[in-house]
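In case you want the letters, here they are:
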Amino acid sequence: MHADRPCPPDFFEGTGYHLGKGQLERETLTSLYDVLAPGNHGWPHYFETDLHPMTVCANAVAEADGKPLFNRMRIVRIRGRRVAVTAVLGPQAFNAIPAHQRTGHQVTEPAAALRQLMLEHHHHVDAWIVLSHSGFTEDLKLAAASPFTDVIFAGHCHSDTYEPINVGDTLVLKGTELGAGYALAEAVPGGWAAARTTHFPQTDHVPDDLAALHQEIGFTGRMLTALLGTVNEPYRNAELDRGHLLAEITARLHTGLGPTPS
């Protein structure tokens, strides 16, 4: 197992690639990653047979009995260290999951869940990595409340903050938005100082075991860029006016979906 490939949450939904109901995302996750963190997007996918064993979360529990919904952590070896990899889901992110998808589930306070996990396993662990789906500002607070953590990879951010930030001895960082890149923390003597956010490299080389997946992604990409027709006025060559669009849709619905304006 490659212990340096944890995947941040919200890998599902939000792009045209989800047209296949998560198949491309699922194949990518099982092909490239070792550990997953659940997010509010695509919550049901993390309970699927092939993804559930890969998913970790310290504070997602069953409402009825408080039992964990996922493995709470995984201990891996990275350059000779015993590293605990876990995840937390912030209350705001959890509440953003459609209500029918989270029935019978709940989240506990993230910092308290991490502390409990640390007290149970600190004799067996040399370092702690947390994949958080709470938002960058909340993760700075989480780092202050959990000083035993070494690295917090932030998710659910939607912010322009990318550079690593130290909170005490804890490093907080995030990858670039919209899947344009990733955050990397490398073990170095005495810590995890070799951390950075970077973009995916441009390359034509694809490993043989990913060739089929690459072809599927390419097919979906071509489908998404296929020309469907001309853009009607007043939407051409202008930033979308959402209010105007909604008003036009409402008018068409009231008139029984009359002819589309030319």
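Since this is a predicted model, take the numbers as computed values, not measurements. (Residues numbered from 1 in each chain as written. Predicted model: local features only at pLDDT ≥ 70, side-chain atom pairs only at ≥ 80, totals over all residues. Heavy atoms only, no water.)

As for the sheet that holds strand β4 (residues 73-78)
Pairing between sheet strands relies on hydrogen bonds along the backbone, with the strands arranged either parallel or antiparallel.
So, point 1. Spatially, 6 strands are ordered β4-β5-β7-β8-β10-β9 in an open sheet, and the strand pairing comes out mixed. Edge positions in the open sheet fall to β4 and β9 (165-167), since each of these has one partner strand only. Averaged over all neighbouring strand pairs, the angle between strand axes comes to 25 degrees, with direction disregarded.
So, point 2. In terms of strand pairing, β4 meets strand β5 (residues 81-89) through 6 bridges, oriented antiparallel. Pairing of V76 across the sheet is with V83, part of β5.
So, point 3. Sheet contacts for helix α3 (residues 110-121): β4, β5 and β7 (127-133); angle to β5, the most-contacted strand, approximately 155 degrees. (Pairing = 2+ DSSP bridges. Helix = DSSP H or I, 4+ residues; strand = E, 2+ residues; numbered from the N terminus. Axes fitted to C-alpha atoms, helices over the stretch in contact; angles between N-to-C directions. Contact = heavy atoms within 4.5 Å.)

Topic: the packing of aromatic side chains
So, point 1. This model, assessed by the stated rule, comprises 5 aromatic pairs.
So, point 2. Between W43 and F94 the ring centres are 6.2 Å apart and the planes differ by 80 degrees, which places this aromatic pair in the edge-to-face class. Of this pair, W43 sits in the loop between β2 (35-36) and β3 (60-62) while F94 sits in helix α2 (residues 91-95), placing them 51 residues apart in sequence. In this structure, W43 and F94 share a single accessibility class: buried.
So, point 3. With centroids separated by 4.9 Å and ring planes inclined at 35 degrees, the aromatic side chains of F47 and F70 adopt a geometry described as tilted. (Phe/Tyr/Trp six-rings, centres within 6.5 Å; stacked < 30°, edge-to-face > 60°. Buried < 20%, exposed > 50% of the residue type's maximum accessible area, 1.4 Å probe, protein only.)

A look at the environment of Y182
So, point 1. With respect to the helices and strands, Y182 occurs in strand β11 (residues 181-188).
So, point 2. Taking the relative accessible area as the measure of exposure, Y182 reaches 30% and is therefore partly exposed.
So, point 3. Ignoring sequence-local partners within four residues, the contact set of Y182 consists of G175, T176, R196, T197, T198, H199 and F200.

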